[in-house]
Structure formats: C-alpha cells, structure tokens
Amino acid sequence: MQQVEVVDDGHPAAAADEAQGPGRVRRWWVVLLVVALVLVGAQLALAARDRSSSTRFAQLPGALPPVEADVRVLWRVDGADTEVLTEGVEVDGDVVGVRTGPDGAQSVVALDLRTGDERWSAPLADPDTVLAQRGARASVTSCLPVPDAQPGSTEPRVACLVSDALLAIGIRGRLTVTRPPTTSRVVVVDAADGRVVADRTAPPAIAFAVLPGLVAVGVPGHDGHAEVAAQDLLTGEVLWQHSSPRPALDPVGDVSGFGVLALGDQVAVLEVGSHVTLLGADGTVTRERQRYDRLSRDEADTRLEVLSGYLAFRPVTTIVRPGESDVTIPGRLVHRAVDDGSLPGVELIEGSRMQARDGTTGDRLWQTDRHTSGPVLVVDGLVYCTSGDAPGELVAYDGRTGALVWSASVGSYDQLARLMTDGRVLLVGLTPEEDAPAGSLVAFSLTDGERLWRVPLPDGLDAAWTLGHVLVAGEGGDPTPTAVLGSP
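This one's a predicted model, so the numbers in the text were calculated from it and none came from an experiment.

S.K.: Just checking my understanding: could you explain the overall build of the protein chain for this structure?
M.R.: A count of helices and strands for the protein chain gives three helices and 38 strands. With 488 residues in all, the protein chain has 45% of them scored as buried. Counting only contacts in the protein chain whose residues sit at least 6 apart along the sequence, the fraction spanning at least 24 positions is 43%. Element-wise, carbon and sulfur atoms account for 53% of the exposed surface of the protein chain, whose accessible area totals about 24500 Å².

S.K.: What exactly am I supposed to notice about the state of the cysteines here?
M.R.: Note on terminology: disulfide describes a covalent bond linking the sulfur atoms of two cysteines. The final tally for this structure, using the stated rule, is one disulfide. In this model C143 forms its disulfide with C160; the gap between the sulfur atoms is 2.1 Å. Sign of the S-S torsion, about 95 degrees for the bond between C143 and C160, identifies this disulfide as right-handed. Here C160 lies in strand β7 (residues 157–163) and C143 lies in strand β6 (residues 142–145), a separation of 17 residues in the sequence.

S.K.: Whenever I open this one, the side chain of T368 confuses me. Can you help?
M.R.: Relative to the helices and strands, T368 is located in the loop between β27 (364–367) and β28 (372–379). Note on T368: relative accessible area 3%, which makes it buried. At 2.9 Å, the side chain of T368 forms a polar contact with the backbone oxygen of R370. The contacts of T368, once residues within four sequence positions are left out, are R353, M354 and Y397.

S.K.: Got a minute to help me understand the pairing of β7 in this structure?
M.R.: The side chains of a regular strand alternate, first on one face of the sheet and then on the other. Of all the seven residues making up β7, six are buried; the element is thus mostly covered by neighbouring parts of the structure. Strand direction decides the pairing type here: β6 and β7, joined by four bridges, are antiparallel. What sits directly across from S142, in β7, is L161.

S.K.: I'm lost on the pattern of salt bridges in this one. Help?
M.R.: Once their charged atoms are close, side chains differing in charge can pair, the charge on each being opposite to the other. Per the stated rule, a full pass over the model turns up 23 salt bridges. Between D128 and R179 there is a salt bridge whose closest N-O contact spans 2.6 Å. Of this pair, D128 sits in the loop between β5 (118–125) and α3 (129–134) while R179 sits in strand β9 (residues 175–179), placing them 51 residues apart in sequence. In this structure, the salt-bridge partner of D422 is R424, at a minimum N-O distance of 3.2 Å. Note on D422: relative accessible area 5%, which makes it buried.

S.K.: Would you take a moment to explain the environment of D128 for this structure?
M.R.: Residue classification places D128 among the buried positions, given a relative accessible area of 16%. Note: C-alpha distance between D128 and D164 (36 residues apart in sequence) is 9.0 Å. Every residue in contact with D128, bar those within four places of it in the chain, is listed here: D103, G104, A105 and R179. Polar side-chain contacts of D128 include one of 3.0 Å to the backbone nitrogen of V130.

S.K.: I tried to follow unusual backbone geometry on my own but got confused; where do I start?
M.R.: It is generally the case that most residues other than glycine have a negative phi and that most peptide bonds are trans. With an omega dihedral of 0 degrees, the bond running from G374 to P375 counts as a cis peptide bond. Inspection of the secondary structure assignment puts P375 in strand β28. Within the chain, D92 stands out as a residue other than glycine whose phi angle is a positive 50 degrees. One can find D92 in the loop between β2 (89–91) and β3 (94–100).

S.K.: I'm lost on the sheet that holds strand β31 (residues 404–409) in this one. Help?
M.R.: Sheets are built from strands that pair by backbone hydrogen bonding, the pairs being arranged parallel or antiparallel. What the five strands build is an open sheet, ordered β24-β28-β29-β30-β31; its pairing is mixed. Every other strand in the sheet has two partners, leaving β24 (336–339) and β31 as the edge strands with one partner each. The average undirected angle you get between the axes of adjacent strands in this sheet is 20 degrees. As paired elements, β24 and β28 share three bridges and run parallel to each other. From the neighbouring strand, R336 faces β28, where its bridge partner is V376.

S.K.: Quick question: what am I supposed to make of the sheet that holds strand β26 (residues 355–358) here?
M.R.: One open sheet holds the three strands; their spatial order is β25-β26-β27, and the pairing between them is antiparallel. This sheet does not close on itself; its edge strands, each paired only once, are β25 (346–349) and β27. Across this sheet, the average inter-strand angle for adjacent strands is 25 degrees, counted without regard to direction.

S.K.: How should I be thinking about the packing of aromatic side chains in this particular structure?
M.R.: Evaluation of the coordinates by the stated rule reveals two aromatic pairs. Ring centres of W366 and Y397 lie 6.3 Å apart, and the angle between their planes is 25 degrees; on these two criteria the pair is classed as stacked. Of this pair, W366 sits in strand β27 while Y397 sits in strand β30 (residues 393–398), and the two are 31 residues apart along the sequence. Ring plane angle 50 degrees and centroid distance 6.0 Å describe the contact between Y384 and W406, whose orientation is recorded as tilted. One end of the pair, Y384, is in strand β29 (residues 382–387); the other, W406, is in strand β31, and 22 residues separate them in sequence. Residue class for W406 comes out buried when judged on its relative accessible area of 5%.

S.K.: Help me out: how do you make sense of the side chain of E271 in this one?
M.R.: Among the secondary structure elements, E271 is positioned in the loop between β17 (266–270) and β18 (275–279). For E271, a relative accessible area of 0% puts it in the buried group. Side chain to side chain, E271 and S244 meet in a polar contact 3.4 Å long. Polar side-chain contacts of E271 include one of 2.8 Å to the side chain of R289.

Parameters at a glance
Residues numbered from 1 in each chain as written. Predicted model: local features only at pLDDT ≥ 70, side-chain atom pairs only at ≥ 80, totals over all residues. Heavy atoms only, no water. Helix = DSSP H or I, 4+ residues; strand = E, 2+ residues; numbered from the N terminus. Buried < 20%, exposed > 50% of the residue type's maximum accessible area, 1.4 Å probe, protein only. Contact = heavy atoms within 4.5 Å. Areas by Shrake-Rupley, 256 points an atom, 1.4 Å probe, with all protein chains shown as cover. Disulfide = S-S within 2.5 Å. Polar contact = N/O pair within 3.5 Å; in protein donor to acceptor, adjacent residues only side chain to side chain. Pairing = 2+ DSSP bridges. Salt bridge = Lys/Arg side-chain N within 4 Å of Asp/Glu carboxyl O. Axes fitted to C-alpha atoms, helices over the stretch in contact; angles between N-to-C directions. Phe/Tyr/Trp six-rings, centres within 6.5 Å; stacked < 30°, edge-to-face > 60°.

Okay, here's the thing in structure tokens:
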C-alpha cells in the first residue's frame, strides 16, 4: 500500500518551503557563480590565445604591431639616424645600426623604436674627412644580428663589419669602389647595453655574413672573382678561405651584386658576374657555381630564388634550400612582403595575371581572373594584392583554389598603394589624392574586405610603408623615412 501525505490548506507545505527557501537560493547563487567563473575563464583563455597568436604573427618578417585609427607620429627621424633605421637590425624593441657623424666618425647605436631615444652607443671608427663629405651611404660599415650559437641563449648580440672602403653609385645603379678596403675589423657588441664583446682584425672586405660561431667576410678581386675568408666570431682565428674562379666577363670596376649572405648554416657567395656559390660552414662547396639573371631571398632568409632565362623571355626560378634538393619553377616568383606559412607547397608567379604553381612539380594550380601586381601578402591561406582592372582595386584570392574571395576599391589610378598588415586588418598606405594635403592610411577586414577606417597621415606626410616591423612615413614621390608611426 502506498502512503499518501495530505496537506491541509497548504500550511505544512508552506512551512516546509519556508525552511528550504534559503538553501535553494544559496544553491542557485553557487550555480550562477560557477557559470560566471567558467565564462570568465573562457574569455581569459580566448584573450590569452589571441595575444599569443598576435605575438607570433608580429614576429613574422614584415608584420606590424597592432595599428589603430588613432595612429600618430611616435618620433621624427634625425638625418644622422636615417641609415640606422633603414639599414639597421631590430633587436628586442630597438633598432641597432651604424651612425656616421658630421666628422665621418662612426659608431654603433641602439634606438628605441617606440620613442627614438638613444639607448646606448659604442664607437667603431675614428673621424674620416672623405666620409664626412661623401655621407653615410658611401660606407660599407654595417651590422647584422648574431644567431644563437647555443639553444636557449638569452644574450642578443650584434656583429659589425668596420671597413675603410668607400663606394659610389653611378648611372643605372652602377656601383664602384672609390676607396678599396685596406683594413677591416669585426666588432661584436651586446645588444642590451652596447658592451663590446669582441673586436678582431679581419681581411679587407666590403661584405660579410654571420653564422653561429663564425663570420665570413668578402671582397671582389680586380677581375671580379670573390675572395672570402671565415674566422671565429669571438677569437678572430681564421677557419678557412675561398677564392672563386675568374669570371668570363671583366666587370670593369663594377661591384654591383657582390655579396656574402648567410643561408641557414651555409654561406652564399654572390659574385659581380652574376654567379652564386654555396659554401658549408667548414668552407667546402655544397652547391657549385651557377650564373643567374636575378637573385633574391625570401623575407625569412630560408632560401635563395635563382632566376635564369629572364633575358631570353623564358624565365625559370630555381629554389635553393640548404640540405634539400633544388626545385625548378617556371616563371619569376612574386615577392611576398608578409607570409605566415599558410600556403606550404604553393609558389606564386608574377605576370599580368598571377599564377600559382605546385612547389614540388611546378605544375600550374590556378591563375587569377584579373590583372594583378605584387608584392603580395599571404595570411591565413589568402593572397592579398592590388589589381589594375579598376582604379585602386584590392583583391583577395583563395591561395589553394585561386577563387576570388573579395575585392574593394581604395583609391585612384594616380595613387600609389602599399599593402601592409598587423595580422588583424589589411592596411593600405596611399599617396595623396590630387590637391590633398597628405596621404592616408586605410584599414580593411582581412576576411571580407569591409572598409573599417580611413585616416589622413599625420603632419602632412605623403606615404606610409614598412621597414621590418616598423611603420614609417615620409614626404615626396619616392620618400625617405622621416617619421615612425604607431598607435599610442
């Protein structure tokens, strides 16, 4: 038999409810508190993930820190520091480079990229009356970051080649040595405080490359062949030497294109006669000498892009990566100003209509439906560039299929547009419209091309573009950076 409780007029039940009421309320508050904590935790996790993603993106070559519509001039670039900004290297929020004084004396300095303030300075070379007249551009003295010799190293260092050689730029970009190098030094400084770690004599040189634990310096011979020597970065002990064969054509003093580059753990030697040779860290030849029409590197310095057949109108690019087989791709590669690595195995080829080709076989994958021009940005699998089919047209393509994702109009035919990104928005630096007092900076959504904001450049500046991870601006048609921009 089932027992049934009879409640008369609800009084006993009411008393029971009154007794249970505070407990139920407390339980609801606990539930609400737990839900709130879960939501807050999720939001904090998402925010942390977004910050981590933004930090990773900001480390990509060419990527900017976050830029908002309140962009302003952070600091003005003094004439003596123009070379520091344009030729220097970024280290932990500073730019480190060579400053040439009015008397021709040179020093390595670190400038805070947010304020322009000098953080430290170390002398490199005594006053030079000829360099004082010629200006900083005539000097080959320059600095490069020192790669970590050991994993986990926390001491950023910079190595500087200090040479007394002077160059002159002539017509059609002809580069000649007006004062051959007679003395060279390699100076290693602590990038945190400017402390000189090592100062060693090196063979006379006009170019250098830094690898873990060693530095390679080079100079072209009188007939254009390359002389390269490697020495221990800190002790100066000579490790090996390399001399290339005499070129087929005498460059007659022109040293345009000569260089010594680091490519992973190898050294690329670029000769005046448009030849390239790869050397291992021990000086052995790892890739035989090859002639080229044009040579470039990706922004991350992980590969060489060797173009040949260009003058015969049959361009072919050979992609050279240390430790991997060469890959040959028909055409000339488009320069990627920013590349987040989201299109592995896809190579972009320039032309009136950009193509994509398989990075292994060279097979064509797709071709754009309109005329395009580089440089391009590659972010989250999309390819961003400008198009000549309409005035000031921007286009975004799916990098895997070539399908047009969106297009937008940003300006007119007579305005120069430079594409940039901070990973959150697509930024376009525009030169002034007719009779406009200044250029402008425009932000678009990366996903659908919606215009988010447009602001004039501050202080009547004409153009904005990127130098490394820095947003800079200048005046005139082909400006020199006179200001560093950013959000407060």
